[in-house]
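# Examining the three-dimensional arrangement
One-letter residues, chain by chain:
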Amino acid sequence: MGASRRGFLRVGGLVLVSATTSGLAAPVLAAPALVGLKELNIRTLSFDCTNTGEQLNRVDYWVEGKYVPDALDEINEALRDFRTGDVYPIEPRLLDLLYQLGRSLDTNGQFALTSGYRSPETNAMLHQHDSGVAINSLHMRGQAADISVPDRPLQRVYEAALALRVGGVGYYPNPIDEFIHVDVGRVRRWEG
Ligand SMILES: [Zn+2]
């Protein structure tokens, strides 16, 4: 029997191979899901930074149980304060939150990012113009991001973020510039 006569069925990361012509309906479990293992051992994120036009494509920021310093540097750079150019370390827990969010939405961890790190100067300026911007924003500690997810309704992203119960989640369904805020502070929610 040639390979072309076999049926392949992927179920939750496991690949089932069945001999469709033998009449012996005995599915064979292929070698333990390499694909699934790879996913578990590598965490990847992608960002479309809408304010700078920069793209970060599939950065493996966590591999085999360790954060990858070069990858974190790349992410810190991309999530910098785009107004001042200031770069600040983004808290890895925030990246894990985003990674989890991407998985729960069945994506490859791709986000449109409208705000990552904010310098104290930028935050003070934003607070002056919009009292909805917290004076002690977690953006200033690299612990917050304003994001949306391509091809996923914002409401669904919001609900998925709330379901993680990791930190703060804000909902901003502005027609032109919709996003949700996520942070790794205490668990809370609000609508902007
Ligand atoms: Zn925010």
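Residues numbered from 1 in each chain as written. Predicted model: local features only at pLDDT ≥ 70, side-chain atom pairs only at ≥ 80, totals over all residues. Heavy atoms only, no water.

### So, the overall build of the protein chain
Put simply, the test is: Each helix corresponds to a stretch of at least 4 residues labelled H or I by DSSP, and each strand to a stretch of at least 2 residues labelled E; elements are numbered beginning at the N terminus. For every residue, the accessible area (1.4 Å probe, protein chains only) is compared with the maximum for its type, and the residue is labelled buried under 20%, exposed over 50%, or partly exposed between those bounds. Contact criterion: two residues are considered in contact whenever any of their non-hydrogen atoms come within 4.5 Å of each other. Working definition of accessibility: Shrake-Rupley area with a 1.4 Å probe, residue cover restricted to the visible protein chains.
From N to C terminus, the protein chain includes five helices and 11 strands. The buried share among the 192 residues of the protein chain stands at 39%. Within the protein chain, counting contacts between residues at least 6 apart in sequence, those at least 24 apart form 49% of the total. With an accessible surface of roughly 11,100 Å², the protein chain has 53% of that area assigned to carbon and sulfur atoms.

### Side note on unusual backbone geometry
At Asp106, a position not held by glycine, the phi torsion is positive, near 60°. Non-glycine residue Asp151 carries a positive phi angle of around 65°. Within the secondary structure, Asp151 is located in the loop between strand S8 (144–148) and helix H5 (154–164). Taking the relative accessible area as the measure of exposure, Asp151 reaches 75% and is therefore exposed.

### Side note on the coordination of the zinc ion
For clarity, the cut-off: Here a donor is an N, O or S atom found within 2.8 Å of the metal, or within 3.2 Å if the metal is Na, K or Ca; sites may look incomplete because water is not among the atoms.
Protein coordination at the zinc ion: the donors are His139 (NE2), Asp146 (OD) and His181 (ND1), at 2.0 to 2.1 Å from the metal. All donors of the zinc ion come from a single chain, and their spacing in sequence reads H-x6-D-x34-H. With Asp146 in strand S8 and His181 in strand S10 (residues 179–183), this residue pair connects regions lying 35 residues apart in the sequence. Like His181, Asp146 is buried.

### Remarks on the pattern of salt bridges
What counts is decided by this rule: We count a salt bridge whenever a side-chain nitrogen from Lys or Arg sits within 4 Å of a carboxyl oxygen from Asp or Glu.
Per the stated rule, a full pass over the model turns up five salt bridges. For Glu54, the salt bridge goes to Arg80, with nearest N and O atoms at 2.8 Å. With Glu54 in strand S5 (residues 54–63) and Arg80 in the loop between helix H2 (69–78) and helix H3 (92–104), this pair connects stretches of sequence that are 26 residues apart. On the accessibility criterion, Arg80 (16% relative accessible area) is buried. Between Arg188 and Asp183 there is a salt bridge, and its shortest N-O distance comes to 2.8 Å. For Arg188, a relative accessible area of 24% puts it in the partly exposed group.

### Things to note about H2
Our working rule: Relevant arc is that of directions from the helix axis to the C-beta atoms, nothing else.
Considered for burial, the residues of H2 that qualify are Ala71, Leu72, Ile75, Asn76 and Ala78. Across the axial projection of H2, the buried residues extend over an arc of 165°, all falling on one side. Seen from the open side of H2, the exposed residues pointing more than 90 degrees away from its buried face are Pro69 and Asp70. Buried positions along H2 lie against strand S4 (42–49), S5, strand S6 (66–67) and H3.

### Structural notes on the side chain of Asp96
Under the convention used in this document: What qualifies as a polar contact is a pair of N or O atoms within 3.5 Å, subject to a donor-acceptor requirement within protein and to the restriction that residues adjacent in sequence count only when both atoms come from side chains.
On the secondary structure map, Asp96 appears in helix H3. Owing to a relative accessible area of 14%, Asp96 belongs among the buried residues under this scheme. A distance of 2.4 Å separates a polar atom in the side chain of Asp96 from a polar atom in the side chain of Tyr67. The contacts of Asp96, once residues within four sequence positions are left out, are Arg43, Tyr61 and Tyr67.

### Things to note about the nonpolar core
Threshold: Joining through side-chain atoms within 4.5 Å is the link that ties buried Ala, Val, Leu, Ile, Met, Phe, Trp, Tyr and Cys residues into a set, and such a set is a nonpolar core.
Counting 37 residues, the largest nonpolar core has Phe47, Tyr61, Leu101, Ile147, Ile180 and Val182 as its most contacted members. With near-sequence residues (within four places) excluded, Val182 lies in contact with Leu94, Leu97, Leu98, Gln143, Ala144, Ala145, Ile147, Ala161 and Gly168.

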